[in-house]
Amino acid sequence: MQFIKYTLSVTWKEIQLISKERAWLVILFLLPLMIGAFFGGGNLAMNNPDADVILLNVGLVNLDQGVFGTQLAKVVKTIDQLNVTEYPDAASAEQPVANGKAAAAIIIPPDFSQKIDSYIPTQLQVIVDPAELESGNIVAGIMNQVIAEFSLWGEVQHGVRTIMDEAGILAMASQEQARAIEAQNLGVIMTQINEMRTNPVIVVSVESAQGVESGPTLQVFFAYLFPGLTVMFIYFIVGMSGGSLLVERENGTLRRLLTATIPRGAILAGKMLAYMMLACAQVVVMFTVAALIFGTPLGRSPLGLIVMTLVVAFNATALGMLVAAVSKTSKQADSLGVILAFVLAGIGGALAIGTTPFYRQGGVVGFISSLTPQNHGVEGFYRLMGENASFVQVLPQIGILLGMGLLFFLIALWKFRFDK
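Residues numbered from 1 in each chain as written. Predicted model: local features only at pLDDT ≥ 70, side-chain atom pairs only at ≥ 80, totals over all residues. Heavy atoms only, no water.

## Observations regarding the pairing of strand β1 (residues 56-62)
Piece 1. Where burial is concerned, most of β1 is hidden: 5 out of the 7 residues are buried.
Piece 2. Of the strand pairs in this sheet, β1 and strand β2 (residues 82-86) are connected by 5 bridges, and their pairing is parallel. Each residue of the ladder has a partner; that of G59, found in β2, is T85.
Piece 3. In this view, the connection linking β1 to its parallel neighbour β2 by way of helix α3 (residues 67-77) has right-handed handedness.
Piece 4. Where β1 meets strand β3 (residues 104-108), 5 bridges bridge the pair, whose relative direction is parallel. Bridge pairing in β3 links G59 to A105. (Buried < 20%, exposed > 50% of the residue type's maximum accessible area, 1.4 Å probe, protein only. Helix = DSSP H or I, 4+ residues; strand = E, 2+ residues; numbered from the N terminus. Pairing = 2+ DSSP bridges. Right-handed = clockwise from strand over helix to strand, strands pointing away.)

Structure follows, in structure tokens:
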């Protein structure tokens, strides 16, 4: 009980000292938020379906007065990527293309509706500017997708009509009645086809190698980006905590604490607890901003996130005590801590350079990465948030981080000289 009291006293003293370190607090909280906002905002802008698109100027000539020609012209004018100008004839539409003022001219032939209705092959003409073949190919690709819908409509209509003719259903019906029956059946079939598109019988789901379902690619990337940045900046605490311990030794504060019969373990544990609380605050701030602003998924295991946060914080602070034990001065501990934070973050995969961590490629790179605590911290958070893993599924990462942290702490307790 007395050990806990001493530990909490050291913790409270350290929290007061931490609150005065404005520069470090900016690095630990503001800098990762700025980096995350930069990369996250850029990816949101590039993947925003409502973002402004580059319009291609095209001319449209509808020489067909039938239903299909009229409907096709309406569809073309609603396409966001096209800035459509209607012309009365083909010559007028071709002129802007020849002058380089339009990417293409779309000509709907006069017998377009008639041939579709009769199930006879027809052609839609797209005239492009030879100097702007790339833009012309884009227009041609868009029109191929549009025409595919009309081709499907024509084929279904032909199939309905053929079946009814062979069955003799329309033998006694007038021409108007026959068309009404055809239109009614065609409408029912096309409605069913559209329903199947909206709610397909077969849906493709994306899962990780561990068998857990993944979300949309952008959200999965955010589930790697923000935990990676968080883990990276948590380990900046290594230099901060190690340097703080050595400053107290250099100032003689540790001697006074030992004189007050405070156990050495309580001194290290109290400092570690203070910096663990700082690391937990980093996680809360980063993940809250990531979830509210960028829609980053937090997974389905709150317990997993809490335990992962605690073991990563413990590991980082224990490593800070180890750095203090092997450093001669506080400045040396600061420098060593910063170097370790950057180098191990790169090796451990904390820097998001793709949609999934690079260390999952295996081989020598994967093996070297697995030797760093950052690797297991990023992997644990990524599996929880990006792959909806359960608490049990991240126990390997939790166990490795806890084991590394205990090893760091025991070595620090053994090697650190309080009265040097």
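## Concerning the packing of aromatic side chains
Note on aromatic pairs: each is described by the distance of the centres and the angle between the planes.
Piece 1. The tally for this structure, following the rule as stated, stands at 8 aromatic pairs.
Piece 2. Consider the rings of F222 and F294, whose centres lie 5.6 Å apart with planes at 65°: the pair is edge-to-face. Placement of the pair is F222 in helix α8 (residues 217-234) and F294 in helix α11 (residues 264-294), with a sequence separation of 72 residues. Assigned by exposure class, F222 and F294 land together as buried.
Piece 3. An aromatic cluster is defined as three or more aromatic residues linked by ring pairs; in this entry it consists of F221, F222, F226 and F294. (Phe/Tyr/Trp six-rings, centres within 6.5 Å; stacked < 30°, edge-to-face > 60°.)

## Remarks on the confidence of the model for the protein chain
Low-confidence regions, as indicated by low pLDDT, have predicted coordinates that should not be scrutinised in detail.
Piece 1. In this model, the protein chain carries a mean pLDDT of 82, and residues with pLDDT of at least 70 account for 80%.
Piece 2. When pLDDT is averaged over each element of the protein chain, helix α12 (residues 302-326) comes out on top at 95 and helix α7 (residues 175-198) at the bottom at 58. (pLDDT = per-residue confidence, 0-100.)

## Looking at the sheet that holds β3
Piece 1. In space, the 4 strands of this open sheet follow the order β2-β1-β3-β4, with mixed pairing throughout. Each edge of the open sheet carries a strand with a single partner, namely β2 and β4 (125-128). Direction aside, the axes of adjacent strands within the sheet are offset by 25° on average.
Piece 2. Where β3 lies against β4, 4 bridges are found, and the strand directions are antiparallel. Counted as the bridge partner of A105 is I127 from β4.
Piece 3. Here α3 sits on the sheet and contacts β1, β2 and β3; the angle it forms with β1, its principal contact strand, is near 170°.
Piece 4. Each of β1, β3 and β4 is contacted by helix α4 (residues 90-98), which is oriented at about 165° to β3, the strand it contacts most. (Axes fitted to C-alpha atoms, helices over the stretch in contact; angles between N-to-C directions. Contact = heavy atoms within 4.5 Å.)

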